[in-house]
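Okay, here's what each chain looks like letter by letter:
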Amino acid sequence: MSDSNVSVLNTVLASKLDMKHRRAQANAAGIAKLLGEIRGQEAAIREGGGAKAIEAQHGKKRLTARERLGLLLDEGTELFELGLFAAFGMYEEWGGAPAAGCVTGLGRVAGRLCMIVANDATVKAGAFFPMTAKKVLRAQHIAMENRIPVVYLVDSAGIFLPLQEDVFPDQDDFGRIFRNNAVMSAMGIPQITAIMGMCVAGGAYLPVMTDTVLMTEGSGLFLAGPALVQAAIGQKYSAEELGGAEMHAQISGTVDYKEPNDHLCMARLRSLVEKMGERPGAPFNRAPYDAAKDAPKYPAAEVYGLLDADPAKAAVNAYDMREVIARFVDRSEFDEYRPEYGRTLLCGYARVGGFAVGIVANQKVSQPQTSHSGEKRMEFGGVIYTESAEKAARFIMDCNQNLVPLIFLHDVNGFMVGRDAEWSGIIRAGAKMVTAVANSTVPKITVIVGGSFGAGNYAMCGKAYDPRFIFAWPTARYAVMSGASAANTLVEIRVKQLERGGKKLSDKEKQELLDSIKATYEEQTDCRYAAARLWVDAIIDPAKTREAILMALEASALNPEVAKFNVGILQT
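Residues numbered from 1 in each chain as written. Predicted model: local features only at pLDDT ≥ 70, side-chain atom pairs only at ≥ 80, totals over all residues. Heavy atoms only, no water.

Engineer: Would you mind going over the packing of helix H13 (residues 386-401) against helix H15 (residues 426-439) with me for this structure?
Structural biologist: Each packed pair of helices is defined by two parameters, the angle between the axes and the distance between the axes. In the contact formed by H13 and H15, the axes pass within 8 Å of each other and the chain directions differ by 25°. Relative to H15, the element H13 lies roughly parallel. Crossing of H13 against H15: the hand is left-handed. Every residue of H15 that contacts H13 at Thr386, Ala389, Glu390, Ala392, Ala393, Ile396 and Met397 is listed here: Ile426, Ala429, Gly430, Lys432, Met433, Ala436 and Val437. Residues of the contact of H13 with H15, tallied by class, amount to ten nonpolar, two polar and two charged. (Axes fitted to C-alpha atoms, helices over the stretch in contact; angles between N-to-C directions. Helix = DSSP H or I, 4+ residues; strand = E, 2+ residues; numbered from the N terminus. Parallel < 35°, antiparallel > 145°, perpendicular 65-115°, else oblique. Left-handed = near helix turned anticlockwise from the far one by under 90°. Contact = heavy atoms within 4.5 Å. Nonpolar A, V, L, I, M, F, W, Y, C, P; charged D, E, K, R; others polar.)

Below, the structure is given as structure tokens:
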């Protein structure tokens, strides 16, 4: 066969993004401003309780949580922080709780990827607010799903008593943490705890229910502190006598290693992690990978030019989601699945850091489509139609059949409505897609790029559908419907309520009501509002999407077990 007859498969995505275009530059400037605002808020959160609280911690000859992490993590590496915005804007009546008074994230310790949970004693003495418990539980859940070793750095006064009814009794409250300690140990997931401060009341169970316990001199581990013991049973003891490191090392035998200070405690912890054995990994395909050779063909920062930071403008600012995919997959190569069918959803195979992945992404550019009756129509970008839902359902099933992890990229308005949509069986097709997502057993990683509205959030593997990790760009928006639509609906309902009560609003009063409702709704759809409530694990820099996905894939690959895929009854 002659060379002229040899065909070469070309799967490289072509980019049409022009960063010199006025709109791209305006978008990039808007994203830069938004990122700057978020980074400033992140810096403030990382200060914890502030300079005075840090000084008080040092006065006790103890390091802060973040200083301890600096000693624990491998040199030259950083914590991939999860839940940084937890409790953001919450508990203001109590002075706030930056990062919910706890640092969690993935980090490398002696070369091994670990989940780290560290109390921040500069925030209310490390006490547990309701969101603190939820944040620790989320970290444990990630560790359990992905079989990640867990390191706990304990320095906590226990439950924040003024809010104890929201921390203590329910299924997913404080007590669930200890239940998870026991379950993870039974699952063979290593857990190591270092007590480097106070560890009192019910919280004293956490370290002792893990596999290995370290404790520094000057720390305290007791079910009841000296004051409570004296009040309860009339006995008077010092903190050291009641539950100090020396007592637990020599008399109770509760701690395995007693260390003189935080520095040596972190050195010992690293030494122990270094000696852990290796376990088999997941059966996912990972090709040999060279960071330079296999990098995307286009600069990651160019994604700033795609989306408008203004939610109102973003709704009508169409962009090709392939431009996003091209900037985080290896060599910008993408094997698109059924590219000419159901075009408002993109499906296809790619690699990230050598890992084979399946991608399901909303297409924001309106697409031509021919219906089953032969009618030619234009389908709105960001909307899921019958054909696109059916395509995605089939693709998700293929990925499960072939043991390929899934990545979902959200910028979705929801499912199509109207007579034609209903006649085409949109509910049935949507149910098929949701069923495939719900029963998927390969790891699912979700990135919310823009809007994530209504049932589209569910079909695209929102939080309720168990993604291993869920990340959000600063442009992400969460709600049942978009802000403008919801505000108009809510105003109409409120006006009718007032009119039934005999009050008629002027046009000016209606506008003021609309502006007020819209402002509240926009605040609640902001990605920071979602991150504060742990609906997302992290707000990521759009240019760091590749790094976030790769970290999530590496974590997911630690779990060798993939349950049998069974979709149950599919609507056909």
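Engineer: For this particular structure, what's the right way to read the pattern of salt bridges?
Structural biologist: Any two side chains of opposite charge can pair, on the condition that their charged atoms come close. Taken as a whole and judged by the stated rule, the model has 28 salt bridges. Note that Lys258 and Glu217 form a salt bridge whose closest N and O atoms lie 3.3 Å from each other. In this pair, Lys258 is assigned in strand S8 (residues 257-259) and Glu217 in the loop between strand S6 (212-216) and strand S7 (220-222), connecting sequence segments 41 residues apart. A residue is classified by how much of its surface remains accessible, and Lys258, at 33% relative accessible area, is partly exposed. Taking the shortest distance from any N to any O, the salt bridge between Arg268 and Glu259 comes out at 2.6 Å. (Salt bridge = Lys/Arg side-chain N within 4 Å of Asp/Glu carboxyl O. Buried < 20%, exposed > 50% of the residue type's maximum accessible area, 1.4 Å probe, protein only.)

Engineer: Mind showing me how you'd approach the pairing of strand S15 (residues 406-412) here?
Structural biologist: As a general feature of sheets, a regular strand has side chains that alternate between the two faces. Counted residue by residue, S15 has seven buried out of seven residues, so it is predominantly covered. The side-chain alternation of S15 yields two buried faces, one formed by Leu406, Phe408, His410 and Val412 and the other by Ile407, Leu409 and Asp411. Of the strand pairs in this sheet, strand S11 (residues 355-362) and S15 are connected by four bridges, and their pairing is parallel. Across the sheet, residue Ala361 finds its bridge partner in S15, namely Leu409. Both S15 and strand S17 (residues 444-453) contribute to a ladder of six bridges, which runs parallel. Residue pairing across strands places Val412 opposite Ser452, the latter belonging to S17. (Pairing = 2+ DSSP bridges.)

Engineer: What should I look at first to understand the nonpolar core in this one?
Structural biologist: In globular proteins that are soluble, nonpolar side chains generally tend to be buried together. With 95 residues, the main nonpolar core has Leu106, Ile325, Phe328, Ile359 and Phe471 as its most contacted residues. Among all residues touching Phe471, those that are not within four sequence positions of it are Phe80, Leu82, Ile445, Thr446, Val447, Ile448, Ala538, Ile540, Ala548 and Ala552. (Core = buried A, V, L, I, M, F, W, Y, C linked by side-chain atoms within 4.5 Å.)

Engineer: Please clarify how the side chain of Arg68 should be interpreted in this entry.
Structural biologist: Structurally, Arg68 can be placed in helix H3 (residues 65-72). Judged by its relative accessible area of 1%, Arg68 falls in the buried class. Other than its neighbours up to four places away in sequence, Arg68 contacts Gln57, Arg62, Leu63, Leu153, Asp155, Met196, Asp262 and Met266.

Engineer: Mind showing me how you'd approach a nonpolar patch on the surface here?
Structural biologist: Judged by side-chain polarity, Tyr205, Met209 and Leu223 come together as a nonpolar surface patch covering roughly 290 Å² of accessible area. Position of Leu223 relative to the elements: it lies in the loop between S7 and helix H7 (226-233). We classify Leu223 as exposed; its relative accessible area is 51%. (Patch = residues over 30% accessible without salt bridge, like charges linked within 9 Å, V, L, I, M, F, W, Y side chains within 5 Å. Areas by Shrake-Rupley, 256 points an atom, 1.4 Å probe, with all protein chains shown as cover.)

Engineer: Would you take a moment to explain the packing of aromatic side chains for this structure?
Structural biologist: The way to describe two aromatic rings as a pair is by their centre distance and the angle between their planes. Taken as a whole and judged by the stated rule, the model has 14 aromatic pairs. Aromatic side chains Phe128 and Phe174 sit 4.8 Å apart centroid to centroid with 70° between the ring planes, which places their arrangement in the edge-to-face category. Separated by 46 residues along the polypeptide, Phe128 in the loop between strand S3 (112-119) and helix H4 (130-146) and Phe174 in helix H5 (residues 174-187) bring together distant segments of the chain. Phe174 matches Phe128 in its accessibility class, with the two residues each being buried. Look at Tyr478 and Trp535: their rings are 6.1 Å apart centre to centre, the planes differ by 35°, and that puts the pair in the tilted class. One end of the pair, Tyr478, is in strand S19 (residues 477-479); the other, Trp535, is in the loop between helix H19 (527-532) and strand S20 (538-539), with 57 residues separating them in the sequence. We classify Tyr478 as buried; its relative accessible area is 12%. Trp535 gets classed as partly exposed once you look at its relative accessible area, which sits at 34%. Taken together, the ring pairs in this structure connect Tyr91, Trp94, Phe129 and Phe160 into an aromatic cluster. (Phe/Tyr/Trp six-rings, centres within 6.5 Å; stacked < 30°, edge-to-face > 60°.)

Engineer: I keep staring at the pairing of strand S12 (residues 367-370) and nothing clicks. Help me out?
Structural biologist: Along S12, the buried face is formed by Gln367 and Gln369; none of Pro368 and Thr370, which line the opposite face, is buried. Looking at chain direction, S12 and strand S13 (residues 376-379) are connected through four bridges and run antiparallel. Counterpart to Thr370 in the pairing with S13 is Lys376. In this antiparallel pair of consecutive strands, S12 and S13, the connection spans five residues, and Gly374 shows a positive phi of 95°.

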